[in-house]
Amino acid sequence: MTDRGLAGVGIDELVERIVGGDRLVLARALTMIERGEQTARALLKLVLPHTGRAWTVGVTGPPGAGKSTLLEALITCLRRRERQVGVLSVDPSSPINQGALLGDRLRMGRHYLDEGVFIRSMASRGMVGGLAPMALQSALLLDAAGFNDILIETMGVGQSEIAIARQADAVVLVLMPGAGDSIQLLKCGVMEIPDVIVVNKADHILAKRLLADVRSTLESVQRDQVPAVVQTVASTGDGIEQLATALAEHRDRLEHDGLELRRAQRLREAVVDAAAALVAEHVKASAAGDPEVHELLAAATDRRLDPGAAAARIAARELGRK
Ligand SMILES: Nc1nc2c(ncn2[C@@H]2O[C@H](COP(=O)(O)OP(=O)(O)OP(=O)(O)O)[C@@H](O)[C@H]2O)c(=O)[nH]1
Ligand SMILES: [Mg+2]
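Residues numbered from 1 in each chain as written. Chains lettered and ligands numbered in written order. Predicted model: local features only at pLDDT ≥ 70, side-chain atom pairs only at ≥ 80, totals over all residues. Heavy atoms only, no water.

This brings us to the sheet that holds strand β5 (residues 170-175). Taken in spatial order, the seven strands make up an open sheet running β3-β2-β4-β1-β5-β6-β7, and their pairing is parallel. Whereas interior strands pair on both sides, the edge strands pair on one side only; in this sheet they are β3 (117-123) and β7 (228-231). Pairs of neighbouring strands in the sheet enclose a mean axial angle of 20 degrees, with direction left out of account. Here strand β2 (residues 85-91) runs beside β3; their pairing, made up of seven bridges, is parallel. By the bridge assignment for β3, Leu88 is matched with Arg120. (Pairing = 2+ DSSP bridges. Helix = DSSP H or I, 4+ residues; strand = E, 2+ residues; numbered from the N terminus. Axes fitted to C-alpha atoms, helices over the stretch in contact; angles between N-to-C directions.)

In structure tokens form, the structure reads like this:
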């Protein structure tokens, strides 16, 4: 079906088709979200009552750690358990990287013809409000479309990647041996975030060393629930069953106690973050063309006004404007 084929279709029918499992309409609706189309908002409103059933897993980690390879193996494992799987592959830090996206498509190509798997890549296109709310909205659509598991891969471990992964019910951090990135992460407090830590490329000579580093770092982390640590060789599938089991255990624990609370807390955070991002974008956009803001900036650069006071006045001005 082409976009034109959908032009005359009412929003109620679009929702019906998405909920009914129509993949082409789902893909089109995801594009509407990506483009920030008005229809997307109306669609999401109608879709909301059909959401809340899916289990979401955020997968993050430094570039090249093996996240996509791991996801491909995990999809196979989940399909064996007869779960319908939706995958969102999100790249917040770079513009559309055809190479990487194509690579991911090829890697996950094994699942291309499987009706029970839906894979979608999203790259940053300077969209308003950032990728995190868009990922959240996209996940809602996949949820409404009936996927049992929604896997969200973010590339890299910057702030926005972590914000996206954190929105999920389970957060998996994938590390690999011998990479400065992975070691650096152990030092910078990112260990507060994952529910499961994967030491991938366990076939690597330095894997034991990384495992020891992870374990010793975890000893110093104050958390109610210490994350599970799993070793994998994503490229052969070794350890994937253990990863699936660790995820299932995390899920059982949460479903038994705290899932709704965690979802509510994280959703509140996500909404506040998204609102803050919108305000920030708004301030930046209007600062460019506003003579009073120019005057405040000139006052700051001429040392007539301290930078903090200038910022506070610009913010107050924008907030007052509504
Ligand atoms: N030896 C070995 N290689 C692996 C393993 N897992 C993945 N690889 C290889 O590592 C490379 C990177 O894997 P990807 O799955 O693309 O890694 P990624 O984390 O998705 O990378 P980005 O999406 O670019 O951040 C590929 O060449 C994989 O074949 C593993 O367990 N052992
Ligand atoms: Mg990848």
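Here Gln38 lies in helix α4 (residues 38-47). In this structure Gln38 comes out as exposed when scored by relative accessible area, which is 65%. Sequence-wise, Gln38 and Ala276 are 238 residues apart; in three dimensions their C-alpha atoms are separated by 21 Å. (Buried < 20%, exposed > 50% of the residue type's maximum accessible area, 1.4 Å probe, protein only.)

This part takes up the coordination of the magnesium ion (ligand 2). Protein-derived ligands of the magnesium ion (ligand 2) are Ser68 (OG) and Glu153 (OE), with the metal-ligand distances lying across 2.0 to 2.3 Å. With Ser68 in helix α5 (residues 67-80) and Glu153 in strand β4 (residues 149-154), this pair connects stretches of sequence that are 85 residues apart. (Donors = N, O, S within 2.8 Å, 3.2 Å for Na, K, Ca; no water.)

We now examine the pairing of β2. The element β2 is largely enclosed, with a buried count of seven among its seven residues. By the bridge criterion, six bridges tie β2 to β4 in an arrangement that is parallel. Bridge pairing in β4 links Gly86 to Ile150.

All right, on to unusual backbone geometry then. Phi is positive for Glu82, which is not a glycine, with a value near 60 degrees. For Glu82, the position within the fold is in the loop between α5 and β2. A positive phi is found at Arg303, a non-glycine position, where the angle reads about 65 degrees. Among the secondary structure elements, Arg303 is positioned in the loop between α13 (291-301) and α14 (307-321). With relative accessibility at 79%, the residue Arg303 sits in the exposed group.

Here helix α3 (residues 23-35) spans 18 Å end to end across 13 residues, near enough to the 18 Å set by a 1.5 Å rise per residue. With 10 of 13 residues buried, α3 lies mostly within the body of the structure. Taken together, the buried positions of α3 are Arg23, Val25, Leu26, Arg28, Ala29, Leu30, Thr31, Met32, Ile33 and Glu34. In this structure Asp22 caps α3, since a side-chain oxygen of it lies 3.0 Å from the backbone nitrogen of Leu24. Within two residues after α3, Gly36 carries a phi angle of roughly 65 degrees, on the positive side. (Expected span 1.5 Å × (residues − 1). Polar contact = N/O pair within 3.5 Å; in protein donor to acceptor, adjacent residues only side chain to side chain.)

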